[in-house]
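Residue strings, one per chain:
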Amino acid sequence: MTHLIPTQGPLRRSLTVVPPLIAAAVLGGFLFVLAPGWGLPVRLHAPDWALLADQAPVLQVHIAAATAALVIGVVLLAGVKGNTLHRTLGWTWAIAMATVAISSIFIRDINHGGFSWIHLLTGWTLIILPMALQAARSHNIAAHRSRMTGLFVGALLIAGMFTFFPGRLMWRVFLG
C-alpha cells in the first residue's frame with residue numbers, strides 16, 4: 001500500500017507546519033477585513049510594549065512562556081529529531097508549555113473571574129504533555145510526534161490566534 005503522506009523527511013515536516021500557518025494567515029486576513037466593520041481600527045504600528053508592562057505578573061509570565069514555546073516549537077518542528085539539541089530544546093519547550101498552562105489557570109479576566117471555554121486547552125495540555133513526554137521516553141516516536149504536534153498546533157497556534165481577536169490585549173499591542 002502506498003502512503004500519500006510521507007512518514008519522515010522535509011516534506012513530512014512541511015505538511016505538519018504549513019496547514020496551521022495557512023489557517024493563521026486566512027484568519028488574520030478575515031480579521032483585517034472584518035475589524036473595520038466592527039468599528040475597530042486596524043493600524044499596523046510598532047508594538048506598544050507599555051500595554052504588556054501594565055499587565056499583572058501572571059499574564060506577563062504567560063505571554064513570555066507562550067512566546068518562548070512558539071519560537072522553540074518552530075525550531076523543533078523544522079530541525080533534526082532525536083539528537084541532544086532536540087532533547088534539550090524539547091524539555092525546555094515542555095517546561096514553557098507547562099508554564100503557559102499553569103499560568104492560564106489564574107487568568108480569568110475574559111469571563112468575569114470565571115473559567116472560559118479556552119481553559120479546556122489548559123486541561124488538555126496538562127494531560128497530553130506528560131503523555132507525549134512518556135511516549136518519547138519509551139521510544140514511541142509516532143505517539144510522541146502526534147501529541148507534540150497537536151499541542152503545538154492546538155495550544156499554541158490556534159489558542160494564540162484567539163489572543164489577536166479585535167479588542168483583546170495582543171490586538172491592542174500590535175494592531176490597535
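Residues numbered from 1 in each chain as written. Predicted model: local features only at pLDDT ≥ 70, side-chain atom pairs only at ≥ 80, totals over all residues. Heavy atoms only, no water.

Focus on the overall build of the protein
In plain terms, the rule: For the purposes of this entry, the term helix denotes a DSSP run of H or I that reaches at least four residues, the term strand denotes a run of E that reaches at least two, and both are numbered from the N terminus. Only protein chains enter the accessibility calculation, which uses a 1.4 Å probe; a residue whose area is less than 20% of its type maximum is buried, one above 50% is exposed, and one in between is partly exposed. Whether two residues touch is decided by their heavy atoms; if any such pair falls within 4.5 Å, the residues are in contact. What sets the accessible areas is the Shrake-Rupley method with a 1.4 Å probe; for residues, cover comes only from the shown protein chains.
Within the protein one finds seven helices and zero strands. Secondary structure elements in the protein, listed N-terminal to C-terminal, are α-α-α-α-α-α-α. With 176 residues in all, the protein has 30% of them scored as buried. Within the protein, contacts between residues at least 6 apart in sequence are counted, and of these 67% link residues at least 24 apart. Here the protein has roughly 10700 Å² of accessible surface; of this, 72% comes from carbon and sulfur atoms.

Quick look at the nonpolar core
As a rule of thumb, soluble globular proteins bury nonpolar side chains together. To keep things clear, this is the line we draw: We define a nonpolar core as any set of buried Ala, Val, Leu, Ile, Met, Phe, Trp, Tyr and Cys residues linked to one another through side-chain atoms lying within 4.5 Å.
Judged by nonpolar contacts, the single largest core of 19 residues is most densely connected at Trp93, Met97, Leu129, Met148, Leu151 and Phe152. Mapped onto this core, the elements with two or more residues apiece are helix 3 (57–78), helix 4 (84–105), helix 5 (120–137) and helix 6 (141–162). The residues contacting Phe152, other than those within four sequence positions of it, are Ala69, Leu70, Gly73, Val74, Leu77, Trp93 and Leu157. Core analysis: the next-biggest nonpolar cluster, separate from the first, contains seven residues, Leu59, Ile63, Leu169 and Val173 among them.

Some words on the confidence of the model for the protein
Close inspection of predicted coordinates is inappropriate in any region flagged by low pLDDT. Counted only if it meets this: Values of pLDDT, which run from 0 to 100, indicate the predictor's confidence residue by residue.
With 76% of its residues at a pLDDT of 70 or more, the protein has an overall mean of 83. The element-level mean pLDDT for the protein is lowest in helix 1 (residues 10–34), coming to 63, with helix 4 highest at 96. Scored below 50 in pLDDT, residues 1–6 makes five contacts in the model with residues more than four places away or belonging to other chains.

Observations regarding the side chain of His62
Spelled out, the test is: Whenever two N or O atoms come within 3.5 Å, that pair is a polar contact, provided that in protein one can donate a hydrogen and the other can accept it, and provided that, for residues adjacent in sequence, both atoms are side-chain atoms.
Within the element layout of this structure, His62 appears in helix 3. When its relative accessible area of 18% is taken as the criterion, His62 is described as buried. For His62, the side chain forms a polar contact with the side chain of Ser103, separated by 2.8 Å. Leave out the neighbours within four places in its chain, and His62 touches Val100, Ser103, Ser104 and Ile107.

Examining the packing of helix 3 against helix 6
Basically, it comes down to this: Axis angles are defined between N-to-C directions and span 0 to 180 degrees, where every axis is a line fitted to C-alpha atoms and, for a helix, only to the segment in contact. The sense of a crossing depends on the near helix, which, turned anticlockwise from the far helix by less than a right angle, makes the crossing left-handed and, turned clockwise, makes it right-handed.
Taken N-terminus to C-terminus, the directions of helix 3 and helix 6 make an angle of 145°; their axes are 11 Å apart at the nearest point. Seen from above, helix 3 lies across helix 6 with left-handed handedness. Across the interface between the two elements, Ala66, Ala69, Leu70, Gly73, Val74 and Leu77 from helix 3 touch Thr149, Phe152, Leu156 and Leu157 from helix 6.

Some thoughts on the side chain of Ser104
For Ser104, the location among the structural elements is in helix 4. Within the structure, Ser104 has its side chain in polar contact with the backbone oxygen of Ala101 (distance 2.6 Å). Each residue touching Ser104, except ones within four places of it in the same chain, is listed here: His62, His119 and Thr122.

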